[in-house]
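Structure at a glance
So you can see what is in the structure, the chains are spelled out below.
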Amino acid sequence: GLGFNIVGGTDQQYIANDSSIYVSRIKKDGAAYLDGRLQEGDKILAINGKDLKDLRHKDAVDLFKNSGSPVCLKIQRRLQPQNGPVGHRGDGESGGLPLAAILVPGLALAATAVWILLRYRQRI
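So, here's what we can say about the structure. (Residues numbered from 1 in each chain as written. Predicted model: local features only at pLDDT ≥ 70, side-chain atom pairs only at ≥ 80, totals over all residues. Heavy atoms only, no water.)

1. Points about the overall build of the protein
A count of helices and strands for the protein gives three helices and five strands. The N-to-C order of helical and strand elements in the protein reads β-β-α-β-β-α-β-α. Relative to its 124 residues, the protein shows a buried fraction of 25%. A total of about 9100 Å² of accessible surface is found on the protein, and carbon and sulfur atoms cover 53% of it. (Helix = DSSP H or I, 4+ residues; strand = E, 2+ residues; numbered from the N terminus. Buried < 20%, exposed > 50% of the residue type's maximum accessible area, 1.4 Å probe, protein only. Areas by Shrake-Rupley, 256 points an atom, 1.4 Å probe, with all protein chains shown as cover.)

2. Some points on the side chain of Ser19
Along the chain, Ser19 turns up in the loop between strand E1 (4-8) and strand E2 (21-26). Among the residues examined, Ser19 registers a relative accessible area of 16% and is labelled buried. When residues no more than four places from it in sequence are discounted, the contact partners of Ser19 are Gly9, Thr10, Gln13 and Asp54. (Contact = heavy atoms within 4.5 Å.)

3. What to know about helix H2 (residues 57-65)
For H2, every residue scored as buried is listed here: His57, Ala60 and Phe64. Here the buried residues of H2 occupy an arc of 65° about the axis, which is enough to place them on one side. Buried residues belonging to H2 abut E1, E2, strand E3 (43-47) and strand E5 (73-76). (Arc of directions from axis to C-beta.)

4. Describing the pattern of salt bridges
Where charged atoms from two side chains of opposite charge come close, those side chains can pair. Evaluation of the coordinates by the stated rule reveals four salt bridges. The closest approach of N and O atoms between Arg77 and Asp42, which form a salt bridge, is 3.1 Å. In this pair, Arg77 is assigned in the loop between E5 and helix H3 (99-123) and Asp42 in the loop between helix H1 (31-35) and E3, connecting sequence segments 35 residues apart. Using a relative accessible area of 1% as the deciding quantity, one classes Asp42 as buried. The residue Asp59 makes a salt bridge to Arg56 at a minimum N-O spacing of 3.0 Å. Take Asp59: its relative accessible area is 25%, and that puts it in the partly exposed class. Classification of Arg56 by relative accessible area gives partly exposed; the value is 43%. (Salt bridge = Lys/Arg side-chain N within 4 Å of Asp/Glu carboxyl O.)

This is the structure:
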């Protein structure tokens, strides 16, 4: 498998009024864990170009199971932890990172990903 679990969907909303698909768990030593880019709490927007918007949970699971190889995920990183099991620390700490400390590396990562994608497409 891909080495992670998902939650969400139109029939099993993980966050109220949000039917998106989220990474709930990265399995230790699984493909996603070894790759290191996917994180618990990430919202998965698409898999291999297929939009995950407005899917039932089971339909999303089926897409992942039948994704083939290689797998290309379009994700949205969660900037602030939600109350709930994903990313919940429960240690009373607020985190306290300035917004720039999150946005600058995130924008650099996004720019790098776009550059890699464009170079990869040129080879095809």
